[in-house]
4 protein chains.
Amino acid sequence: MTGNPVIEKLGRRLRLGVIGGGPGSVIGEVHRTAARLDDRYEVVGGVLSSNPERSRAAGRALGFAPERAYEDVDAMLAAETARPDGVDVVAIMTPNDGHYPLACRWLDAGRDVICDKPLTTKLDDARDLVARVRASGLVFCTTYNYSGFPMVRQARAMVADGEIGELRLGQVEYIQPQLAVRPDLDDPDYWRFHARRSGPSAILGDIGTHAWHLLHTVTRMEPQAVAADIGPVMPGRRFDDTAGVLIRYPNGARGILWVTQAAAGAEHGLKFRIHGAEGGLEWHQEDPTWLVHMQLEGPRRMLSRNGPGLKPAAERASRIAVGHPEGFHEAFANLYSDVAEAVAARLTGTPADPLALDFPTVEDGARGMAFIAAAKASSDAGGAWTDCRLSL
Amino acid sequence: MTGNPVIEKLGRRLRLGVIGGGPGSVIGEVHRTAARLDDRYEVVGGVLSSNPERSRAAGRALGFAPERAYEDVDAMLAAETARPDGVDVVAIMTPNDGHYPLACRWLDAGRDVICDKPLTTKLDDARDLVARVRASGLVFCTTYNYSGFPMVRQARAMVADGEIGELRLGQVEYIQPQLAVRPDLDDPDYWRFHARRSGPSAILGDIGTHAWHLLHTVTRMEPQAVAADIGPVMPGRRFDDTAGVLIRYPNGARGILWVTQAAAGAEHGLKFRIHGAEGGLEWHQEDPTWLVHMQLEGPRRMLSRNGPGLKPAAERASRIAVGHPEGFHEAFANLYSDVAEAVAARLTGTPADPLALDFPTVEDGARGMAFIAAAKASSDAGGAWTDCRLSL
Amino acid sequence: MTGNPVIEKLGRRLRLGVIGGGPGSVIGEVHRTAARLDDRYEVVGGVLSSNPERSRAAGRALGFAPERAYEDVDAMLAAETARPDGVDVVAIMTPNDGHYPLACRWLDAGRDVICDKPLTTKLDDARDLVARVRASGLVFCTTYNYSGFPMVRQARAMVADGEIGELRLGQVEYIQPQLAVRPDLDDPDYWRFHARRSGPSAILGDIGTHAWHLLHTVTRMEPQAVAADIGPVMPGRRFDDTAGVLIRYPNGARGILWVTQAAAGAEHGLKFRIHGAEGGLEWHQEDPTWLVHMQLEGPRRMLSRNGPGLKPAAERASRIAVGHPEGFHEAFANLYSDVAEAVAARLTGTPADPLALDFPTVEDGARGMAFIAAAKASSDAGGAWTDCRLSL
Amino acid sequence: MTGNPVIEKLGRRLRLGVIGGGPGSVIGEVHRTAARLDDRYEVVGGVLSSNPERSRAAGRALGFAPERAYEDVDAMLAAETARPDGVDVVAIMTPNDGHYPLACRWLDAGRDVICDKPLTTKLDDARDLVARVRASGLVFCTTYNYSGFPMVRQARAMVADGEIGELRLGQVEYIQPQLAVRPDLDDPDYWRFHARRSGPSAILGDIGTHAWHLLHTVTRMEPQAVAADIGPVMPGRRFDDTAGVLIRYPNGARGILWVTQAAAGAEHGLKFRIHGAEGGLEWHQEDPTWLVHMQLEGPRRMLSRNGPGLKPAAERASRIAVGHPEGFHEAFANLYSDVAEAVAARLTGTPADPLALDFPTVEDGARGMAFIAAAKASSDAGGAWTDCRLSL
């Protein structure tokens with residue numbers, strides 16, 4: 001993350017519009033901070049609420065020019081596509097059911113899109129979005145943000161270089177506490193607990209898809225089938241808060257995924273371990289500096305962010321000297337900054353650093369939906385093994 | 001572990017005979033060290049090998065009196081039951097298929113028995129052994145040795161006292177590397193890889209049963225049903241090296257168990273986490289000093305062996321001051337020392353400290369066999385949910 | 001860090017000018033990122049190099065308007081004080097000997113100042129700067145950036161509230177590897193190795209002053225005297241790379257400080273532990289999420305960033321939910337954002353949140369110089385106890 | 001620790017007599033457990049208290065034959081030297097002032113001696129003991145027990161093999177909580193707080209000497225001079241509870257030692273770090289499994305007990321497979337078992353494994369006394385640098 005390739009290429013920052021992430025949202029501030037961190041975007045306007053008044057007030061509180069603190073997406077789309085300095089990129093961070101229609105509209109308007117996960121609420125919509133992005137030639141990023149951590153990228157690069165050999169075992173877990181308390185958090189009106197708005201499984205859509213993607217991105221291997229148990233562990237709850245998924249890979253490797261939001265006293269708990277024929281790798285999001293490299297023979301190596309022995313993909317994802325911790329915001333910013341480089345390259349017709357093009361794509365998002373659909377089907381069928389492959 | 005209740009009650013140490021654990025065995029030295037550690041037993045004789053010559057030589061090398069370095073179990077049984085200072089207790093550490101017949105013989109001879117896990121190779125044998133122990137009134141311990149760690153006992157006592165509330169989630173894993181290398185360790189003659197000698201599943205019999213017991217002992221809750229995937233991850237291997245098991249509890253809680261011996265670069269990796277309505281507990285055998293107590297509200301508490309805030313069951317299982325590590329041998333010795341106290345009480349007709357009677361019993365061993373049988377049946381049936389309860 | 005009090009109060013972001021931190025500098029990007037992170041500043045211009053051409057080019061590469069990519073400080077001072085939208089705040093990140101003269105000039109120009117540590121190269125200059133800041137009524141921050149970590153602020157607040165009782169023991173260390181390799185890093189022209197430019201001690205000026213401040217800020221107690229050993233551990237090196245300092249406090253408490261840059265294989269290694277009559281606290285910058293609270297009686301508590309049980313001063317210094325790591329940039333940004341709030345309050349004549357005013361001041365910087373001077377004098381005098389108090 | 005070289009060589013276990021360590025003592029049980037652990041000793045008798053009645057009762061409670069539960073050392077010496085199966089080895093674990101006279105008596109009686117640290121209470125006595133041991137040809141071990149940890153031996157062997165290059169930095173600390181509470185633990189009658197019985201410094205004699213020896217044994221380098229600050233941090237206390245010591249080595253390396261028993265909430269806290277020209281090593285007694293190997297170039301290696309990449313000296317000091325923790329008792333037992341091998345070799349006139357002869361000697365004990373004497377003299381002289389070398 002040295003230099004500023006966007007200013008170099010375009011002579012200016014990219015203009016980013018945001019949809020969603022207004023008052024009360026956590027993820028809104030995260031997106032905007034990520035965009036700002038490496039100085040490659042200026043957040044110029046957006047729609048911050050489905051309530052027009054609140055949307056305009058929130059935009060002004062963020063320092064948007066008053067005319068770009070829009071009341072709704074129609075107004076924003078009309079104005080931004082009309083003005084010469086309209087937004088280059090749109091970031092979508094609405095509830096899940098907004099992702100698909102909004103992404104379609106902005107792709108149709110020729111804007112590059114950054115979209116929250118899960119990509120859609122229905123697998124068919126996800127397939128359609130893949131087709132649209134491919135047809136458009138535009139840049140599209142699904143914000144599987146944990147893949148932006150330098151040491152996750154290091155793991156991915158080590159697997160690609162064969163450093164742990166052929167995959168044998170994959171494990172991922174994501175253990176949170178939010179839904180251990182009730183009934184406060186079981187608000188029947190909350191969108192995340194309704195299949196229509198959140199998708200087939202509340203827990204898989206919210207955090208299971210992150211866990212799946214993390215395992216997917218580092219192993220570089222698509223699972224073949226899953227056997228799952230999804231449901232609530234809290235008596236009387238009507239939406240699922242926990243999922244256990246057994247995974248089979250085409251080469252005979254096996255995996256396991258465990259996610260819950262009902263773990264009283266947990267913190268965040270996203271963690272993976274993979275083992276191949278020649279060694280293993282372990283990473284924990286709560287302590288993201290370290291990637292543990294377990295060797296088949298020889299002692300364990302502790303690879304650290306910006307430390308010795310790293311791959312270029314990990315080195316470029318770091319900003320500050322070894323031993324100074326980077327965290328969640330920097331990882332999220334890595335996606336934004338890579339997308340910025342891709343967009344600047346597209347706008348100027350110049351090549352981007354190939355390493356900048358390794359952010360999670362619309363295809364990652366679609367495969368994530370296929371995983372959710374298959375796991376849900378398996379659980380509904382009493383744990384029967386269910387194919388989860390998606391041809392794209 | 002203060003004072004020596006055996007010398008106090010009996011005026012002497014208990015006389016222990018051993019069967020199995022000769023040259024090349026790891027577990028033999030472990031049993032004998034555990035017996036010696038708290039000075040409650042004298043290891044007086046035994047059978048160290050199925051080869052008579054090697055058995056006698058190995059016994060002499062251990063310092064047994066020559067006449068008690070037996071050539072086989074027949075000789076040992078005849079001699080030890082005849083002599084006035086014959087063994088009080090017999091410890092069985094043979095391959096799995098020896099456990100049941102040997103335990104029967106020594107129970108019939110009126111000796112208290114310490115027996116390795118898994119209890120038997122067949123569930124019916126396990127049921128029979130429960131009946132025999134109950135009929136005999138003798139002391140019987142199944143060496144689920146990890147339950148001897150002070151902080152495991154602390155977890156068990158905290159659950160009993162309601163400190164984490166009703167169980168919601170249980171997780172246990174046991175991740176080893178031995179079978180990541182091949183073919184060296186796939187010796188076709190090795191007993192552990194043959195169902196006849198090791199039981200229905202090599203991986204569950206060897207380490208899965210430890211993982212199951214750990215979860216069982218701390219949660220104090222019997223699972224209702226399991227859905228499992230058991231098999232090898234190593235291409236071409238004919239016995240199983242990995243198992244993933246989804247677990248359902250009667251109260252709606254869910255669990256997950258993951259065990260493997262094919263994890264290149266792993267060390268030992270026995271670890272559990274449980275969460276209840278009021279908090280959670282986490283423990284890792286590789287760093288057994290600490291039990292992490294996650295509170296529903298309030299910061300995480302780090303309970304340490306012999307530190308402040310412990311239950312009597314944990315305090316009595318510790319020997320040395322806080323901050324000085326104890327480990328595997330001491331945990332194993334805790335079972336031996338508790339059994340010794342129970343035996344001394346039985347022999348003298350006096351009461352034992354109730355806390356000494358909480359070692360793993362023949363019933364634990366039988367339930368462990370029921371778990372293995374159900375998990376294997378589920379895996380064979382494509383992951384179908386299978387009842388794993390055992391009425392005893 | 002919720003809302004944007006600067007936009008709220010001023011209706012705009014603060015305009016920040018920077019001096020130093022151009023190409024090749026690590027700290028320059030850190031300052032600018034910290035200023036941007038919470039969207040309270042716009043970095044509008046500055047001087048990036050002592051070479052006029054390089055300064056202008058570097059400013060343009062950062063996206064400054066061409067006329068604000070200045071060739072030198074004279075030009076910047078003239079232009080910025082003349083234009084109606086001139087800089088509100090100036091950040092100084094030059095070599096140490098630039099801090100004092102530059103701070104004086106910008107204070108004289110009525111600008112609030114953010115200045116790198118060590119405050120000056122001479123104790124007398126530091127005293128003078130204290131007097132000037134006090135006379136001016138302007139905001140001044142010495143960037144002892146590690147004090148911006150939420151859990152350092154938590155420690156400071158717990159000490160203030162008496163939660164560990166009266167101080168008995170203080171320990172701090174800062175262990176780096178940069179100078180373990182030679183001669184590459186012993187460049188005789190490097191300013192940091194020359195007393196004229198870096199101050200009395202290279203190691204104390206560079207990292208010892210950070211370690212001192214960390215101990216100072218959390219203990220809230222001024223040491224009385226020090227006995228020090230400062231020098232190189234690398235044979236033939238002519239500047240100091242290591243310092244050990246024994247510390248006595250007025251109340252009989254004792255402390256110890258150990259800093260080095262010659263520790264081959266170390267990473268960053270800033271860490272403190274303090275113990276009082278009622279308990280202790282431990283924090284490590286490499287894993288800044290956790291503050292270990294050791295209780296005199298009762299188990300250890302693990303306080304985590306944004307977790308339960310925190311003081312308001314720690315809560316407000318955090319952005320993202322518990323379990324998502326924040327790190328170096330966020331801690332540095334906490335100083336910038338607090339200063340912004342103080343400046344906005346000053347400019348609008350409104351009160352600032354008192355918690356925003358707890359950033360390191362010019363007085364902290366001056367006391368840091370007194371510590372360096374006393375430690376150096378003690379070391380030169382063969383370890384004699386030397387008074388290190390400074391009345392201000 | 002495979003096989004039993006004592007039974008192999010002698011055809012029997014060694015007969016051990018103990019002096020001290022009776023009821024109320026922690027260290028007595030530790031010594032006896034350590035002797036028993038590897039089955040190389042039979043603890044046959046001893047003196048357990050300075051009160052004859054209590055001594056005899058305590059001996060019987062340990063299971064000694066009644067005639068070997070002695071009332072005092074005179075009786076024991078007379079009886080044991082008279083009987084044909086008298087003790088081979090005597091272990092001394094009395095208060096410090098008993099070490100010297102008792103060691104002299106048993107050496108005079110031709111018995112090998114295991115003696116607690118500190119070796120004596122006066123440096124001259126320590127010199128004399130060195131001379132006596134050398135003249136006698138007997139085996140003598142000073143129980144600097146932390147040197148028995150496998151990973152400490154690994155560190156020592158790595159330094160010997162040049163794996164971290166020439167020493168640059170040494171750091172050791174030992175942080176305990178016992179004396180953070182008062183006045184309970186300030187019992188004026190307690191021997192440890194009186195110079196006549198404990199030696200020149202209570203804190204250095206009790207734990208400082210362990211810390212010193214740990215640094216000494218792994219660095220294999222004798223310090224040249226020390227500058228120290230020793231005293232109580234607890235107001236009104238009349239004996240010292242804390243010491244900070246700056247260290248200079250002959251080659252320009254520097255060290256630092258910090259020990260205290262007044263750290264409220266600490267546990268045990270013995271830890272060292274050393275750095276040489278090519279890398280560093282770090283070890284913590286509370287988590288003794290791991291030795292961190294920091295490389296000058298390349299990622300950190302985590303060496304683990306019985307794991308890959310260990311030196312023979314570390315491998316032989318381990319009993320159980322990688323990942324199963326060993327701890328304090330096993331480390332203490334390593335000294336006992338090595339001494340047993342040395343004694344068996346002496347008694348049979350056969351060579352011992354050279355690796356068995358690397359236990360701490362009487363010379364280590366004497367150098368430990370020289371360190372205490374020099375540090376105390378320095379502290380009394382206001383921190384003046386004081387030579388701490390001892391020619392032997």
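What counts as what
- Residues numbered from 1 in each chain as written.
- Chains lettered and ligands numbered in written order.
- Predicted model: local features only at pLDDT ≥ 70, side-chain atom pairs only at ≥ 80, totals over all residues.
- Heavy atoms only, no water.
- Pairing = 2+ DSSP bridges.
- Helix = DSSP H or I, 4+ residues; strand = E, 2+ residues; numbered from the N terminus.
- Axes fitted to C-alpha atoms, helices over the stretch in contact; angles between N-to-C directions.
- Contact = heavy atoms within 4.5 Å.
- Buried area = accessible area lost by both parts, 1.4 Å probe.
- Salt bridge = Lys/Arg side-chain N within 4 Å of Asp/Glu carboxyl O.
- Buried < 20%, exposed > 50% of the residue type's maximum accessible area, 1.4 Å probe, protein only.
- Phe/Tyr/Trp six-rings, centres within 6.5 Å; stacked < 30°, edge-to-face > 60°.
- Lys NZ or Arg CZ within 6 Å of the ring centre and 35° of its normal.
- Polar contact = N/O pair within 3.5 Å; in protein donor to acceptor, adjacent residues only side chain to side chain.
- Nonpolar A, V, L, I, M, F, W, Y, C, P; charged D, E, K, R; others polar.
- Expected span 1.5 Å × (residues − 1).
- Arc of directions from axis to C-beta.

Caption draft 1: Local environment of the sheet that holds strand S4 (residues 112–115) of chain B. All names here are of chain B. One open sheet holds the 5 strands; their spatial order is S2-S1-S3-S4-S5, and the pairing between them is parallel. Each of the sheet's edge strands pairs with one partner strand only, and the pair in question is strand S2 (41–47) and strand S5 (140–142). Sheet twist, expressed as the mean angle between neighbouring strand axes with direction ignored, is 20°. As paired elements, strand S1 (residues 14–20) and S2 share 6 bridges and run parallel to each other. Bridging across to S2, Leu16 finds its partner in Val43.

Caption draft 2: Just the interface of chain B and chain D, in detail. At the interface, 38 residues of chain B touch 37 residues of chain D. Carbon and sulfur atoms make up 56% of the surface buried where chain B meets chain D, a total of about 2800 Å² over both sides. Area buried by chain B at its contact with chain D is led by Arg36(B), Glu267(B) and Pro325(B), which between them contribute 23% of it. Scanning the region where chain B abuts chain D turns up 2 salt bridges.

Caption draft 3: Quick look at the sheet that holds strand S4 (residues 112–115) of chain D. Residues and elements named next belong to chain D. Sheet architecture is open: 5 strands sit in the order S2-S1-S3-S4-S5, paired in parallel fashion. Both edges of this open sheet fall to strand S2 (41–47) and strand S5 (140–142), since each of them pairs with a single strand only. Ignoring strand direction, the axes of neighbouring strands in this sheet form an average angle of 20°. Bridging between strand S3 (residues 89–93) and S4 involves 4 bridges; their strand directions are parallel. For Ala91, the partnering residue across the bridge sits in S4 and is Ile114.

Caption draft 4: Seen up close, the pairing of strand S6 (residues 167–175) of chain C. Residue and element names in this part refer to chain C. For S6, the buried fraction is high: 9 of the 9 residues fall into the buried class. Sheet topology places S6 next to strand S10 (residues 270–276); 7 bridges connect them, and they run antiparallel. Residue pairing for S10: Tyr174 is matched across the bridge by Leu270. Where S6 lies against strand S9 (residues 254–260), 7 bridges are found, and the strand directions are parallel. What sits directly across from Tyr174, in S9, is Val259.

Caption draft 5: A look at the packing of aromatic side chains. Across all of its chains, the model carries 44 aromatic pairs over all chains by this definition. Consider the rings of Phe193(A) and Phe239(A), whose centres lie 3.7 Å apart with planes at 10°: the pair is stacked. With Phe193(A) in the loop between strand S6 (167–175) and helix H8 (195–198) and Phe239(A) in the loop between strand S7 (225–231) and strand S8 (242–248), the pair connects residues that are 46 residues apart, well separated along the chain. Taking relative accessible area as the criterion, Phe239(A) reaches 11% and is therefore assigned buried. Linked through ring pairs, Tyr41(A), Tyr146(A), Phe149(A), Tyr174(A), Phe272(A), Trp283(A), Phe328(A), Phe332(A) and Tyr336(A) together constitute an aromatic cluster. Stacked on the ring of Trp385(D), the Lys or Arg Arg248(D) has its end atom at 4.0 Å from the ring centre.

Caption draft 6: Spatial organisation of the interface of chain A and chain B. The interface is formed by 50 residues belonging to chain A together with 50 residues belonging to chain B. Interface area lost by chain A to chain B is led by Asp229(A), Arg254(A) and Trp258(A), which between them contribute 18%. Viewed at the interface, chain B and chain A are joined by 6 salt bridges. Of the charged contacts, one joins Glu173(A) and Arg273(B) as a salt bridge, the two residues approaching to 2.6 Å between their closest N and O atoms. At the boundary of chain A with chain B, the tally comes to 10 residue pairs in polar contact (both at pLDDT 80 or more). When contributions to the side of chain A that touches chain B are tallied by element, the ones reaching two or more residues are S6, S7, S8, strand S9 (254–260), strand S10 (270–276), strand S11 (279–284) and strand S12 (290–295) of chain A. The dominant element in the side of chain A that touches chain B, judged by the number of residues it contributes, is S6(A), at 6 residues. Across the side of chain A that touches chain B, the residue classes break down as 25 nonpolar, 15 polar and 10 charged.

Caption draft 7: A look at helix H6 (residues 123–136) of chain A. Residue and element names in this part refer to chain A. With 14 residues, H6 should cover 20 Å at 1.5 Å per step; its first-to-last C-alpha distance of 20 Å lies within 8% of that length. All buried positions along H6 are accounted for by Asp125, Ala126, Leu129, Val130 and Val133. All buried residues of H6 project into a common sector of 145° when viewed along the axis, lining one side. Residues Asp124 and Ala135 are exposed on H6 and point more than 90 degrees away from its buried face. Remark: Gly137 follows H6 within two positions and exhibits a positive phi of approximately 75°.

Caption draft 8: Just the environment of Pro52(C), in detail. All names here are of chain C. Within the secondary structure, Pro52 sits in helix H3 (residues 52–61). With relative accessibility at 37%, the residue Pro52 sits in the partly exposed group. Sequence separation of Pro52 and Ile274 is 222 residues, and the distance between their C-alpha atoms is 47 Å.

All we've got here are geometric facts, nothing functional implied.
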